[in-house]
Amino acid sequence: MCGIVGYLGTRDAYPLLIQGLKRLEYRGYDSAGIALFNGQLAVHKCKGKVSDLEARMGKDVPQASLGIGHTRWATHGEPNDPNAHPHLSNSGRLVLVHNGIIENFASLKALMTSKGYRFHSDTDTEVLVNFIEFVQDAEGVSLDQAVRIALNEVVGAYAIAVLSKDEPGQMVVARLGSPLVVGLGNNEYFVGSDATPFLDSTKKVIYLEDGEMAVISRQGVSIREIASDLPVDAVIHQLKMDLESIEKGGYDHFMLKEIFEQPKSIGDTIRGRIDLKTGEVKMAGLDSISEALLEAQRLLIIGCGTSWHAGLVGEYLLEDLARVPVEVEYASEFRYRNPIIGPKDVVIAISQSGETADTLAAIKMAKKAGAIVFGVCNVVGSSIARETTAGAYTHAGPEIGVASTKAFTAQVTVLTLIAMYLGRVKGHLSLEHCAEIGRELALIPEKITSILGAESHIKVIAASIAKANNALFLGRGYNFPVALEGALKLKEISYIHAEGYPAAEMKHGPIALIDEQMPIVIIAPRGDMYEKLVSNVQEVKARKGHVISITGQGNEEVRSLSDAVIEIPDTLDCLSPLLATVPLQLLSYHIAVLRGCNVDQPRNLAKSVTVE
Ligand code: G6P
């Protein structure tokens, strides 16, 4: 959460910083601000989005070739102008942007107040910049040393970029627990919470590691450990991402683009990983931990939000195909409940961004307890991808819409491959069955394409329920997690209160909510659970609920009981979540658009949650 950018070079910094902030808005959009240095430090910031900042600045922008910027997801203090970053120190000498939380900010603030410092915001960040200034004055050291000494006193998480009026031509950056990437251009340097801000200028990057800081000047980048002050050799990576993948490409919203990308993203996730004739799964990450997987008494899956839902589908897949016990946990709960975990456990950590603070902390905890941790991440080079023992990328490509879509189906695809792999090595999945799943999996992209072809029909259904205040999503078996995900999508982007339930649990509570006003989306594909779902639909209809069914072609019973039907092609039960999810994404999308909501940037949310 929160995006930070920086530029030091020969070009005009302002447009580069604004462009970078726009690309990082998925990390938060409560306020935006920039600091430009051209002999003077000029700070401009305001509540709202980057476009609000741009509008406020107008055309009268100082020319500068050094600057930093910030887009905020509020933690300490409400979203308003004073709380927006960058924050200046009391003397006006230092300016800083920060992503993360300084946990001991209250005691530092008390200390600083006793020294005469005054604060103009409610943020922990303003405390940090003043603390650095205080250290610098007290110790008589350079900016980088002051930053280093101050950070050694700080408890919490941060990615920061700092400028000093007295030390022009340099930017000091540091990270602990929040991501930070340095881009190496031609006589110019970039800083970003990820690499997208400067993707069109350079693909050469250095990922700063936790506990490292860098001094960026026109002479180059020097990296040191914050704790020891020892130099660190920079490892330069070459990015593979292209600019097109982070642009809307003619779609009204990133979310819609990403929904429509799913045939391709699932194809990319599968590519090269499965022999279509035999169903044999080839994944180097799995091979590297195959012994631990074979010996594991159980698997633990951890994640947050949509990734946790993918984990639930994974539980059904792994228990069904590989006959291995699975527990799925919210990373945030797992890390704080003294879980029983040890060297015989294999943990699968799922994260689109690879930066979610709770998931990262849970991984570290599991590793400390001796467990092997396998990461399923989308963002290449992300913290979780680097922290895990082994892993598999989902290859869904950059996901920018805050509500996750293609990342979810890619995660489920990877989990399917893991279940097939494990089913085979454990001897629970026959060659024939595995090959059948492989063949069906390969057909999923074209089946999704056919569902996407029904977008206009789904739009009509969306219009019929767009004014609802509540909605219920029901599913059973493999599609219970899909019901949870459908409900989450709707509440995230349209602000309609929605709940997902196992269809049979409806009678234990939610049935009391059903009346003519209540849309109930029932996921009832053809498969093992179909007959039971028909009974559940009947129960809803008897209470006059408004039924929207996601079902297979020719499922007449469900059709006759439904107010609206969205058909999905038949597939194997274990693959049905990959299809059933797609109409739910489109339904939520169109409802949100009809309600005038900001689909890509829903209120209060952020995509990369780097605070716990
Ligand atoms: C946020 C996002 C969700 C996402 C969750 C977990 O809440 O808005 O879309 O599912 O974080 O993120 P991760 O990157 O770990 O999958």
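Residues numbered from 1 in each chain as written. Predicted model: local features only at pLDDT ≥ 70, side-chain atom pairs only at ≥ 80, totals over all residues. Heavy atoms only, no water.

Undergrad: Explain the packing of helix α4 (residues 124–139) against helix α5 (residues 143–151) here, please?
TA: The description of two helices packed together rests on the angle between their axes and the distance between the axes. Close contact between α4 and α5 brings their axes to 8 Å; oriented N to C, the two are set at 115 degrees. Between α4 and α5 the crossing geometry is right-handed. When α4 is examined against α5, the residues Leu128, Phe131, Ile132, Val135, Gln136 and Glu139 are found in contact with a partner set consisting of Leu143, Ala146, Val147, Ile149, Ala150 and Leu151. Partitioned by chemical class, the residues of the contact of α4 with α5 number ten nonpolar, one polar and one charged. (Axes fitted to C-alpha atoms, helices over the stretch in contact; angles between N-to-C directions. Helix = DSSP H or I, 4+ residues; strand = E, 2+ residues; numbered from the N terminus. Left-handed = near helix turned anticlockwise from the far one by under 90°. Contact = heavy atoms within 4.5 Å. Nonpolar A, V, L, I, M, F, W, Y, C, P; charged D, E, K, R; others polar.)

Undergrad: I would appreciate a short explanation of the sheet that holds strand β19 (residues 372–377) in the present structure.
TA: Two orientations exist for strands paired in a sheet by backbone hydrogen bonds: parallel and antiparallel. Taken together, five strands build an open sheet; the order of strands is β17-β16-β18-β19-β20 and the sheet is parallel. Unpaired on one side and paired on the other, β17 (326–330) and β20 (390–393) mark the two borders of the sheet. The sheet shows a mean angle of 20 degrees between the axes of neighbouring strands, direction not considered. Across four bridges, the pairing between strand β16 (residues 299–303) and strand β18 (residues 346–351) is parallel. Within the sheet, the bridge partner assigned to Ile301 lies in β18 and is Ile348. With respect to the sheet, helix α14 (residues 406–425) is in contact with β16, β18, β19 and β20, its orientation differing from that of β18 by roughly 160 degrees. (Pairing = 2+ DSSP bridges.)

Undergrad: I would appreciate a short explanation of the site of the ligand in the present structure.
TA: Close to the ligand lie 13 residues, the nearest being Ser307, Ser351, Gln352, Ser353 and Thr356. Residue Gln352 places a main-chain N or O atom 2.7 Å away from an oxygen atom belonging to the ligand. In this structure, an oxygen atom belonging to the ligand sits 2.4 Å away from a side-chain N or O atom of Thr356. Its free accessible area being 390 Å², the ligand has 91% of it covered by the protein chains. Top contributing element to the shell around the ligand by residue count: helix α10 (residues 305–322), with three residues. For the shell around the ligand, the per-class residue count stands at four nonpolar, eight polar and one charged. (Near = heavy atom within 4 Å. Polar contact = N/O pair within 3.5 Å; in protein donor to acceptor, adjacent residues only side chain to side chain. Areas by Shrake-Rupley, 256 points an atom, 1.4 Å probe, with all protein chains shown as cover.)

Undergrad: Got a minute to help me understand α10 in this structure?
TA: Since the α-helix advances by 3.6 residues per turn, residues separated by three or four positions end up pointing in the same direction. Between its terminal C-alpha atoms α10 stretches 25 Å, which fits the 26 Å expected from 18 residues at 1.5 Å a residue. For α10, a buried count of 13 out of 18 residues is recorded, marking the element as mostly surrounded by other parts of the structure. Within two residues after α10, Arg323 carries a phi angle of roughly 55 degrees, on the positive side. (Expected span 1.5 Å × (residues − 1). Buried < 20%, exposed > 50% of the residue type's maximum accessible area, 1.4 Å probe, protein only.)

Undergrad: Help me understand the environment of Pro325, please; the structure alone is not making it clear to me.
TA: When you line up the elements, Pro325 lands in the loop between α10 and β17. Along the sequence, Pro325 and Leu300 sit 25 residues apart, while their C-alpha atoms lie 8.6 Å from each other. For Pro325, the residues in contact, after removing those within four places along its chain, are Gln297, Arg298, Leu299 and Glu319.

Undergrad: I would appreciate a short explanation of helix α15 (residues 431–452) in the present structure.
TA: Compared with an ideal rise of 1.5 Å per residue, which puts 22 residues at 32 Å, α15 spans 32 Å between its outermost C-alpha atoms and is within 8% of the ideal. Residue Ile444 marks the point of greatest curvature in α15, where the axis turns by about 40 degrees; the proline Pro445 follows within four residues. (Bend = angle between axes of the 7 residues up to and from the residue.)

Undergrad: Explain unusual backbone geometry here, please?
TA: It is generally the case that most residues other than glycine have a negative phi and that most peptide bonds are trans. In this model, His85 is joined to Pro86 through a cis peptide bond whose omega is -5 degrees. Tracing the backbone through its elements, the reader meets Pro86 in the loop between β4 (66–72) and β5 (87–88). Despite not being glycine, His395 shows a phi value in the positive range, around 60 degrees. With respect to the element layout, His395 can be found in the loop between β20 and α14. Under the relative-accessibility criterion, His395 is labelled partly exposed at 37%.

Undergrad: Which parts of the structure should I look at to understand the pairing of strand β11 (residues 204–207)?
TA: Here is the key point about a regular strand: its side chains alternate between the two faces of the sheet. Both strand β9 (residues 181–184) and β11 contribute to a ladder of three bridges, which runs antiparallel. By the bridge assignment, Val181 is partnered in β11 with Tyr207.

Undergrad: What exactly am I supposed to notice about the packing of aromatic side chains here?
TA: Aromatic ring pairs are described here by two measures, namely the spacing of the ring centres and the angle between the planes. As enumerated under the stated definition, the model contains seven aromatic pairs in all. Ring centres of Tyr7 and Phe190 lie 5.2 Å apart, and the angle between their planes is 55 degrees; this geometry places the pair in the tilted category. In this pair, Tyr7 sits in strand β1 (residues 3–8) while Phe190 sits in strand β10 (residues 189–192), placing the two residues 183 residues apart along the sequence. There is no split in this pair, since Tyr7 and Phe190 are both buried. Ring geometry for Trp308 against Tyr330: centres 3.9 Å apart, planes inclined by 15 degrees, an arrangement best described as stacked. Of the two residues, Trp308 is situated in helix α10 and Tyr330 in strand β17; the sequence distance between them amounts to 22 residues. (Phe/Tyr/Trp six-rings, centres within 6.5 Å; stacked < 30°, edge-to-face > 60°.)

Undergrad: What is the right way to look at the nonpolar core in this model?
TA: The nonpolar side chains of a soluble globular protein tend to be buried with one another. Ranked by internal contacts, the top residues of the largest apolar core, which has 90 residues, are Leu299, Leu318, Ile348, Ile418, Met420, Leu441 and Phe473. In contact with Leu299, other than residues within four places in its own chain, are Leu293, Leu318, Val324, Pro325, Val326, Glu327, Val346, Ile348 and Leu422. (Core = buried A, V, L, I, M, F, W, Y, C linked by side-chain atoms within 4.5 Å.)

Undergrad: Which parts of the structure should I look at to understand the side chain of Thr405?
TA: As for its placement among the helices and strands, Thr405 is situated in the loop between β20 and α14. Discounting chain neighbours no more than four positions away, the residues touching Thr405 are Met255, Glu258, Ile259, Gln262, Glu399, Lys489 and Gln585.

Undergrad: Any chance you could explain the sheet that holds strand β22 (residues 497–502) here in plain terms?
TA: The five strands lie next to each other as β22-β21-β23-β24-β25, forming an open sheet whose pairing is parallel. The open sheet has two edge strands with one neighbour each: β22 and β25 (564–568). Neighbour-to-neighbour, the strand axes of this sheet turn through a mean angle of 15 degrees, independent of strand direction. Its contacts with the sheet place helix α16 (residues 455–465) against β23 (519–524), β24 (546–552) and β25, and it is angled at close to 145 degrees to β25. Packed onto the sheet, helix α17 (residues 480–494) meets β21 (470–475), β22 and β23 and runs at close to 180 degrees relative to β22.

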